[in-house]
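Below are the chains, spelled out letter by letter.
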Amino acid sequence: MDLELREALYLQAKEWVLEAGKTIREKINDPLTIDTKSDPNDLVTTMDKGTEYFLITNIKETYPEHFIISEEGYGDELQSLDGTVWIIDPIDGTMNFVHQKRNFAISVGIYHDGVGEIGLIYDVMADQLYSAKRGGGAYKNKTALPRLSEQKSFYESILGLNHFWLCENRLVDEKVIQNLVKTIRGSRTYGSAALEFASVAEGIMDGYMTMDLAPWDIAAGIVIVDEVGGRTTNAFGEQINLLQKNSVLTCNPAIQEQLINDYTKKGRK
Ligand code: 2AM
Ligand code: CA
Ligand code: CA
Ligand code: CA
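Fair warning: this is a prediction, and the values are worked out from it, not measured in the lab.

Draft legend 1. Inspection of the sheet that holds strand S10 (residues 158-161) at higher detail. If you walk across this open sheet you meet the five strands as S11-S10-S12-S14-S13, and the pairing is mixed. Both outer strands of the open sheet, strand S11 (186-188) and strand S13 (231-233), are each paired with one neighbouring strand and no more. If you compare each strand with its neighbour and ignore which way they point, the axes differ by 20 degrees on average. Pairing between S13 and strand S14 (residues 246-251): three bridges, direction antiparallel. Note on S14: the bridge partner recorded for Thr232 is Thr250. On the sheet, helix H7 (residues 253-264) packs against strand S12 (207-213), S13 and S14 and is oriented at approximately 135 degrees with respect to S14.

Draft legend 2. Structural detail: the sheet that holds strand S7 (residues 128-133). If you trace the seven strands from one edge of the open sheet to the other, you get S3-S4-S5-S6-S7-S8-S9, paired in mixed fashion. Each having just a single partner strand, strand S3 (67-70) and strand S9 (143-144) make up the two edges of the open sheet. Running at roughly 105 degrees to strand S6 (residues 115-123), helix H5 (residues 193-202) makes contact with strand S4 (84-92), strand S5 (105-112), S6, S7 and strand S8 (138-140) of the sheet.

Draft legend 3. The arrangement of the packing of helix H1 (residues 3-26) against helix H2 (residues 46-62) in detail. Where H1 contacts H2, the axes come no closer than 11 Å and their chain directions differ by 155 degrees. Compared by their axis directions, H1 and H2 come out roughly antiparallel. The way H1 lies across H2 gives a crossing that is right-handed. Of the residues in H2, those in contact with Gln12, Trp16, Ala20 and Ile24 of H1 are Met47, Thr51, Phe54, Leu55, Asn58 and Thr62. Tallied by class, residues from the contact of H1 with H2 come to six nonpolar, four polar and no charged.

Draft legend 4. Quick look at the pairing of S7. Of all the six residues making up S7, five are buried; the element is thus mostly covered by neighbouring parts of the structure. Bridging between S6 and S7 involves six bridges; their strand directions are antiparallel. By the bridge assignment, Tyr122 is partnered in S7 with Leu129. The turn linking S6 back onto S7 is made up of four residues, and Asp127 within it adopts a positive phi angle of 55 degrees. Here S7 pairs with S8 via three bridges, running antiparallel. Counterpart to Ala132 in the pairing with S8 is Ala138. Where S7 folds back onto S8 in an antiparallel hairpin, the turn is made up of four residues, including Gly135, whose phi is positive at roughly 80 degrees.

Draft legend 5. Focus on the site of ligand 1. The environment of ligand 1 is made up of 13 residues, and the closest members are Asp42, Asp92, Gly93, Thr94 and Ala193. Residue classes in the shell around ligand 1 are distributed as one nonpolar, seven polar and five charged. Two domains share the shell around ligand 1, each providing at least three of its residues, namely domain 1 (3-144) and domain 2 (154-264).

Draft legend 6. Inspection of the domain arrangement of the protein chain at higher detail. The domain boundaries assigned to the protein chain delineate domain 1 (3-144) and domain 2 (154-264). Centre-to-centre, using C-alpha coordinates, domain 1 lies 21 Å away from domain 2. The interface of domain 1 with domain 2 comprises 31 residues on the first partner and 25 residues on the second. Contributing elements (two or more residues each) for the side of domain 1 that touches domain 2: S3, S4, helix H3 (94-100), S5, S6, S7 and S8. Of the residues forming the side of domain 1 that touches domain 2, the biggest block, six residues, is contributed by S6. By residue class, the composition of the side of domain 1 that touches domain 2 is 16 nonpolar, nine polar and six charged.

Definitions and cut-offs
Residues numbered from 1 in each chain as written. Chains lettered and ligands numbered in written order. Predicted model: local features only at pLDDT ≥ 70, side-chain atom pairs only at ≥ 80, totals over all residues. Pairing = 2+ DSSP bridges. Helix = DSSP H or I, 4+ residues; strand = E, 2+ residues; numbered from the N terminus. Axes fitted to C-alpha atoms, helices over the stretch in contact; angles between N-to-C directions. Contact = placed C-beta atoms within 7 Å. Parallel < 35°, antiparallel > 145°, perpendicular 65-115°, else oblique. Left-handed = near helix turned anticlockwise from the far one by under 90°. Nonpolar A, V, L, I, M, F, W, Y, C, P; charged D, E, K, R; others polar. Buried ≥ 20, exposed ≤ 12 C-beta atoms within 10 Å, placed from the backbone. Near = placed C-beta within 6 Å. Domains from an automatic or database assignment.

In structure tokens, the structure reads:
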């Protein structure tokens with residue numbers, strides 16, 4: 001992608017994301033209409049839909065030749081990642097948004113012919129923007145994020161995991177994951193995939209592993225984690241396909257091999 005074009009795209013995307021976030025902050029205490037999707041705990045609100053609508057109408061008007069993959073239904077049905085594709089989650093962490101009024105993010109990844117060019121993750125209530133351009137490093141607001149330490153010890157690592165990994169599940173023997181949790185230093189569950197990717201990029205968590213995420217949960221995070229030298233695959237070290245759901249492991253490369261070889265692959269069902 002042409003670098004000048006990309007810079008313009010980045011500035012425009014950033015402006016829309018910050019504006020959408022400001023609107024959410026201003027309306028955070030307004031009454032909400034909450035619906036459920038696949039199950040009673042799978043929530044969606046008028047704010048999720050309104051934010052997606054705002055972003056997508058702006059994109060379609062300004063860049064009619066671009067494509068969009070997004071969660072709440074205003075995007076396109078794509079069979080390929082050819083061309084320029086925006087991959088959008090208007091609110092990542094809707095349960096946090098509804099119950100906690102914090103710890104949720106707007107996530108926007110922009111890919112060109114399948115290559116991640118721009119990643120934006122906006123922690124709305126904290127007013128912190130994680131951003132990256134391919135080859136240009138990653139930032140938290142205006143501060144460059146350092147590359148992840150190559151010295152990270154597996155035993156001193158903190159992993160983002162949700163508790164379903166410790167229950168009987170279809171992917172990995174839960175006993176193996178119980179062993180993993182006892183072996184590492186600690187585990188955390190934030191409830192927003194995008195913010196967990198941002199934490200890995202910032203080096204305040206060393207990895208994040210999850211069973212079943214959609215492209216919009218991870219597209220921006222992949223670009224940002226890449227830019228600090230992190231790696232993202234599925235839970236077994238295989239390549240992610242951004243046209244479908246995947247299990248996901250994003251982490252410091254220093255712990256990747258041990259995590260996959262001694263745990264997820266070993267316990268794979
Ligand atoms: P969402 O809030 O945009 O739906 C929570 O663990 C993470 O998983 C969030 O990033 C959440 O994104 C995502 N997620 C995907 N599908 C979900 C579901 N059915 N229920 C709850 N969270 C889901
Ligand atoms: Ca959702
Ligand atoms: Ca999401
Ligand atoms: Ca969402």
